[in-house]
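Structural overview for review
Letter by letter, the chains look like this.
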Amino acid sequence: MRKIAIISSKGGVGKTTFSFHVCHFLARSGKRVLGVDMDPQGSLSFVFFGASRKAGVWEKHLGQKISPVKVGDNLDVLPTSVETANIQWSENGVAEMLASVAGEMGAEPEWVVIDSPSSISTGTKSILNAVDSIVVPSDLTTLSLRGMVQLLKLKPSSWKVLPMRIVPTQRNTHEGQEQLAAALRGRNLEPADYLLPHISRRVAVDYAMSVGKPVWDETRYKDKQAIDEFKNAITALLERAPAVGANNGEKTETGAHPAHMATGGQINQAGAMQ
Ligand SMILES: Nc1ncnc2c1ncn2[C@@H]1O[C@H](COP(=O)(O)OP(=O)(O)OP(=O)(O)O)[C@@H](O)[C@H]1O
Ligand SMILES: [Mg+2]
């Protein structure tokens, strides 16, 4: 079971949109997938199920025996609800919940894809403790980059070995990409190991989300650029995803070093990456 979190403390950068597409992409390529909505806002749950309230993370937290909701042949989703905002997650709470859900699913999922809240909280820390790798969508603005570093500081003992990929989204600029690349190079890290192909802002994506379909299935715009960008970013992510159990401080299977940004020290004068 490979566990990946789409995570960023910065809001509105495309976490849910990317999570939704990764779930569909994996399921369509024949992998058994469990999507988990860890954001009390419930955006991922809404895209999959509309406004209907379904048992999920909150009920698991109360100790109830519930199954994730089947969305397709290979895709199950554990929805959330606003009550989960009240949960104080223990360090291993999310990991334990995932193990419990997987245990009740019969066939364990090959992939768990977690959509995370835009916060720095007990939930985000518990998510970081539960997964093998993270993807950080980022518009690469100064505040977004700073948010990335603050988030990783949540897990000082082990975030240094948590493989990380960054997907530039929305209106990310060339300057932002250069700022990030400089920050990585400043720590002797090769930007190409961390950066996924970017996903630009396209009307078709917003529309696809509004009708609850991945962009390659919506029929109004059939936006080839949007489809290609999502497929390219996700393909690159999966090609470079760490092997099971790779979260041990060693190189990943493709030789890319796990991210160890933000070990302290000044990266740029703006201080975004300190
Ligand atoms: N590539 C894109 N092109 C156009 N619209 C997009 C794109 N990615 C996301 N959006 C839209 O931008 C908004 C924010 O995206 P999304 O909800 O995925 O971000 P988020 O990081 O999950 O936000 P939050 O912090 O609230 O959880 C949504 O309305 C979504 O439909
Ligand atoms: Mg979201």
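Residues numbered from 1 in each chain as written. Chains lettered and ligands numbered in written order. Predicted model: local features only at pLDDT ≥ 70, side-chain atom pairs only at ≥ 80, totals over all residues.

**Quick word on the overall build of the protein chain**
- Each helix and strand counted, the protein chain has ten helices and eight strands in total.
- Pairs at least 24 apart in sequence give 76% of the contacts found in the protein chain among residues at least 6 apart. (Helix = DSSP H or I, 4+ residues; strand = E, 2+ residues; numbered from the N terminus. Contact = placed C-beta atoms within 7 Å.)

**What about the site of ligand 1?**
- With respect to spatial proximity, 17 residues lie near ligand 1, and among them Gly11, Thr16, Thr17, Ser118 and Val205 are the closest.
- Those elements that provide at least two residues to the shell around ligand 1 are helix H1 (15-28) and helix H9 (203-210).
- By residue class, the composition of the shell around ligand 1 is four nonpolar, eight polar and five charged. (Near = placed C-beta within 6 Å. Nonpolar A, V, L, I, M, F, W, Y, C, P; charged D, E, K, R; others polar.)

**What about the sheet that holds strand S7 (residues 164-170)?**
- Ordered in space as S3-S4-S2-S5-S1-S6-S7-S8, the eight strands form an open sheet in which the pairing is mixed. Pairing within the sheet leaves two strands with one partner each, and these edge strands are strand S3 (69-70) and strand S8 (199-200).
- With three bridges connecting them, strand S1 (residues 2-6) and strand S6 (residues 133-138) associate as parallel partners. Bridge assignment links isoleucine 6 to a residue of S6, and that residue is valine 135. (Pairing = 2+ DSSP bridges.)

**Points about the nonpolar core**
- In this structure, Ile114 and Ile127 are the most contacted members of the largest nonpolar core, which totals 65 residues.
- The element best represented in this core is H1, accounting for seven residues.
- Other than its neighbours up to four places away in sequence, isoleucine 114 contacts Ala5, Ile6, Val36, Met38, Ile127 and Val131. (Core = buried A, V, L, I, M, F, W, Y, C linked by C-beta atoms within 7 Å. Buried ≥ 20, exposed ≤ 12 C-beta atoms within 10 Å, placed from the backbone.)

**Looking at the packing of helix H4 (residues 93-104) against helix H5 (residues 122-130)**
- At a minimum axis distance of 7 Å, the contact between H4 and H5 shows a crossing angle of 60°. For the element pair H4 / H5, the angle class is oblique. Across the interface between the two elements, Gly93, Val94, Ala95 and Leu98 of H4 pack against Ser126, Ile127, Asn129 and Ala130 of H5.
- Its residues placed into classes, the contact of H4 with H5 shows five nonpolar, three polar and no charged. (Axes fitted to C-alpha atoms, helices over the stretch in contact; angles between N-to-C directions. Parallel < 35°, antiparallel > 145°, perpendicular 65-115°, else oblique.)

**Concerning the pairing of strand S5 (residues 111-115)**
- Among the five residues in S5, five count as buried, and that is most of the element.
- Burial along S5 is two-sided: Trp111, Val113 and Asp115 and Val112 and Ile114, pointing in opposite directions, are all buried.
- Of the strand pairs in this sheet, S1 and S5 are connected by five bridges, and their pairing is parallel. Bridge pairing in S5 links lysine 3 to valine 112.

**Considerations on helix H10 (residues 224-239)**
- Between its first and last C-alpha atoms H10 spans 22 Å; for 16 residues at 1.5 Å apiece the expected length is 22 Å, and the two agree.
- By the burial criterion, the buried members of H10 are Ala226, Ile227, Glu229, Phe230, Ala233, Ile234 and Leu237. Projected onto a plane normal to the axis of H10, the buried residues spread over an arc of 165° and lie on a single side. Seen from the buried face of H10, the exposed residues on the opposite side, beyond 90 degrees, are Lys224, Gln225 and Glu239.
- Those residues of H10 that are buried are in contact with H1, S6, S7, S8 and H9. (Expected span 1.5 Å × (residues − 1). Arc of directions from axis to C-beta.)

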